[in-house]
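# Architecture at a glance
So you can see what is in the structure, the chains are spelled out below.
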Amino acid sequence: MVALVAEAAKLPQETARNAMGLAMIAVAFLTVLQSLRLGPIGSGYLCPPVVSAIYLPSAMLAASVFGFPVVCGMVIFAGGCEVAVGGLLNSLRKFFPAVVSGVVIIAVGIELGKIGLGVLFDPKVMHDPRVNDMFLTALLVLLTMIALAVWGNGLPKLLCVLIGILLGYGVAALLQVFPQDFSTELARSPFFALPDPRFLSYRFEPSLMLPFAIAGLASGLRVVGVLTTCQQMNDAAWRRPNMESISGGVIADGIGCAVGGALAAPGMSASPSLVGIEKITGVTSRIVAWPIAGWLVALSCLPQFASLIVNMPRPVMAAALFFNGSLMFVAGIQLVVSRPITLRATLIIGLSLLSALSVLFFPEFYKSLPSWTRQFTGSEITVAVVVSTALNALFLLGAWRYGQLRLGADGTPLTAASFNSFFGQQASEWNIPAADVQRVREVVDQAIEHVAAKTQGPVRIQVGSDSFDIRVTLNYTGNLPNLPDARPRVDLVEEQSFVSGLSGYLSGLHADHIERSAKGEECEIKLLFRL
């Protein structure tokens, strides 16, 4: 990713090598920061980042049109946007549900595939006398990645892209499709030297605010998924995501991304593949973050190593990007179908993706629009985000559905069993997942038992849901009971074994938010459950 952006910005070889070294230091910094728990910053898990393909389309555009200083400045801005996402994670969840997040990731996958093909079908390549050998190299690299992904097991399966790239270097050397000045630049590179940051400068470009803000948002959404996997691996009794840890992880990722922008890294994000390696090897201790960072700092001081990456053969780059884009495309589809596909979701998916693809099919039309619209229509990613978020926000109107029940009146006994029967029917109509149904029942049943001993008449219960939250309201005449507070605060302890041992206590069944109020003898209890 760094090599592609450096090439798009037409950086000299020496500058590109320094950018590569500084980017390694940035990755080292974020690896350690993510493993810590410094107040609201950090997840406390081993969750190494990579220079992410999510930022590549925006970074390539900034580099080719405005230059590398704009890349650095806008990545800092994107990191700030991701920090904001981390701080507002619960508030934003309704505006970026699985269907919208999936559409964003699908659009990023399409753009990556387009960039990969553009690298291979570039006019410089098509007019190169070695063009046939370049296509053969790209095909062999792609087939290697596919074969390992489909038929490989364990680490070879997870490392299919890296193995394919290494094979591509060997094939490129055999067929002599390296850049023509590769040998000269490699020989000119010193064996050891500290990265020189004197080339760094920063500029802000208002017209690129939306693409980079979207990249920061998509990165934050991916971090949520990756850290949820980390929690599941580290806690055998895992039941629900610890949002405090995830929010801290997204904030740390945003800070690391901003620091990366200051150190020439064109956008970083948590790596699902590296977490997958943790799962296979069983090495999940966050202490490992420190030696990872040490190795990266050591490699940053080896310019010849950086030169190898900077001069990656174009067919190898193209195959890796095309393969990466296909994986991200399917990941978006999986995210979309992870929740029930309602009519509203169908319209969001169909209209958003067709609108995004129209940018590829009819580019001249979008170029003819007023210049101020370019930040909204500049790529299929921005169009997909704008259309999907607008439709989702529109469809939130009137999304709440309600059901009511009177316990202790009209022959309905004031018991938890009466509520369970009623709520089971409502949950079936509203397609509420079974795990959430069970959690609501457990909490409301306890509340009914407390209220039954305090009431002087029937209990009116209203249940509402908008597919994101469930709200249960109990109204009655009597006294307010003492109910347990909402989910207790969980502080991650140093030894991971304690997390698993204490999880049964710490992740007990609680509502996410409880409100109690009384006017005279008229009492009201509101229980909010986030799905």
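Treat the numbers as computed from the prediction; the structure is a model and nothing was measured. (Residues numbered from 1 in each chain as written. Predicted model: local features only at pLDDT ≥ 70, side-chain atom pairs only at ≥ 80, totals over all residues. Heavy atoms only, no water.)

### Re the packing of aromatic side chains
Selection rule: When the centres of two rings from Phe, Tyr and Trp lie within 6.5 Å, Trp using its six-membered ring, the rings pair. Their planes under 30 degrees apart give stacked, over 60 give edge-to-face, and anything left gives tilted. Under the scheme applied here, a residue whose accessible area is under 20% of the maximum for its type counts as buried, over 50% as exposed, and between as partly exposed, the area being computed with a 1.4 Å probe on protein chains only.
Tallied over the full model, the rule gives 8 aromatic pairs. Look at F365 and Y366: their rings are 5.2 Å apart centre to centre, the planes differ by 75°, and that puts the pair in the edge-to-face class. Taking relative accessible area as the criterion, F365 reaches 47% and is therefore assigned partly exposed. Y366 gets classed as buried once you look at its relative accessible area, which sits at 15%. Here W400 and Y402 contribute two aromatic rings whose centre-to-centre distance is 6.0 Å and whose plane-to-plane angle is 15°, an arrangement assigned as stacked. Judged by relative accessible area, W400 falls into the partly exposed class, the value being 24%.

### With respect to the environment of A78
Put simply, the rule reads: Per the convention used, a helix needs a DSSP run of H or I reaching at least four residues, while a strand needs a run of E reaching at least two, with both numbered from the N terminus. For this analysis, residues touch if any pair of their heavy atoms sits within 4.5 Å.
Assignment of secondary structure puts A78 in helix α4 (residues 68-87). Placed 27 residues apart in sequence, A78 and V51 show a C-alpha to C-alpha distance of 14 Å. Leave out the neighbours within four places in its chain, and A78 touches Y55, F212 and G216.

### A closer look at unusual backbone geometry
Backbone geometry places A264, a non-glycine residue, at a positive phi of 75°. Turning to its location among the elements, A264 is positioned in the loop between α13 (243-262) and β2 (268-270). Assessed through its relative accessible area of 2%, A264 is described here as buried. One non-glycine residue, N431, adopts positive backbone phi at about 55°. Along the polypeptide, N431 turns up in the loop between α22 (416-430) and α23 (434-452). A residue is classified by how much of its surface remains accessible, and N431, at 49% relative accessible area, is partly exposed.

### Quick look at the packing of helix α6 (residues 98-120) against helix α17 (residues 314-336)
Inclusion rule: What counts as an axis is a line fitted to C-alpha atoms, over the stretch in contact for a helix, and the angles between N-to-C directions run from 0 to 180 degrees. Put simply, angles under 35 degrees are roughly parallel, angles over 145 are roughly antiparallel, angles from 65 to 115 are roughly perpendicular, and the rest are oblique. A crossing counts as left-handed when the near helix is turned anticlockwise from the far one by less than a right angle, and as right-handed when that turn is clockwise. The nonpolar class holds Ala, Val, Leu, Ile, Met, Phe, Trp, Tyr, Cys and Pro. Asp, Glu, Lys and Arg form the charged class, and all remaining residues, Gly among them, are polar.
Where α6 meets α17, the closest approach of the two axes is 7 Å, and the angle between their N-to-C directions is 165°. Judged on the interaxial angle alone, α17 and α6 are roughly antiparallel. Crossing geometry of α6 relative to α17 is assigned as left-handed. Partitioning the contact of α6 with α17 into residue classes produces 23 nonpolar, 7 polar and 1 charged.

### Focus on the environment of R17
As a reminder of what qualifies: The term polar contact refers here to a pair of N or O atoms within 3.5 Å; inside protein, the definition further demands a hydrogen-donor-capable atom paired with an acceptor-capable atom, and it admits residues adjacent in sequence only when both atoms are side-chain atoms.
Within the secondary structure, R17 sits in helix α2 (residues 13-35). In this structure R17 comes out as buried when scored by relative accessible area, which is 9%. On a C-alpha basis, the gap between R17 and A6 in space is 9.2 Å, while along the polypeptide they are 11 residues apart. A polar atom in the side chain of R17 sits 3.1 Å from the side chain of S189.

### Quick look at α17
Turn by turn, an α-helix covers 3.6 residues, leaving residues three or four places apart pointing in a common direction. Filter applied, for reference: Multiplying 1.5 Å by the residue count of a helix minus one yields the expected span of that helix.
With 23 residues, α17 should cover 33 Å at 1.5 Å per step; its first-to-last C-alpha distance of 33 Å lies within 8% of that length. Buried within α17 are the following residues: P315, V316, M317, A318, A319, A320, L321, F323, G325, M328, G332 and V336.

### Remarks on the pattern of salt bridges
Condition: For this analysis, a salt bridge means a side-chain nitrogen from Lys or Arg found within 4 Å of a carboxyl oxygen belonging to Asp or Glu.
Counted according to the given criterion, the structure contains 14 salt bridges. The salt bridge partner of R37 is E244, with a shortest N-O separation of 3.9 Å. Of this pair, R37 sits in the loop between α2 and β1 (49-51) while E244 sits in helix α13, placing them 207 residues apart in sequence. The shortest N-O distance in the salt bridge between K114 and E111 comes to 3.4 Å. Here K114 and its partner E111 are both found in helix α6, 3 residues apart, which amounts to about one turn of the helix. In this structure K114 comes out as partly exposed when scored by relative accessible area, which is 40%. Within this structure, R17, E185 and R188 form a network of salt bridges that share partners.

Taken by themselves, the reported measurements are silent on function.
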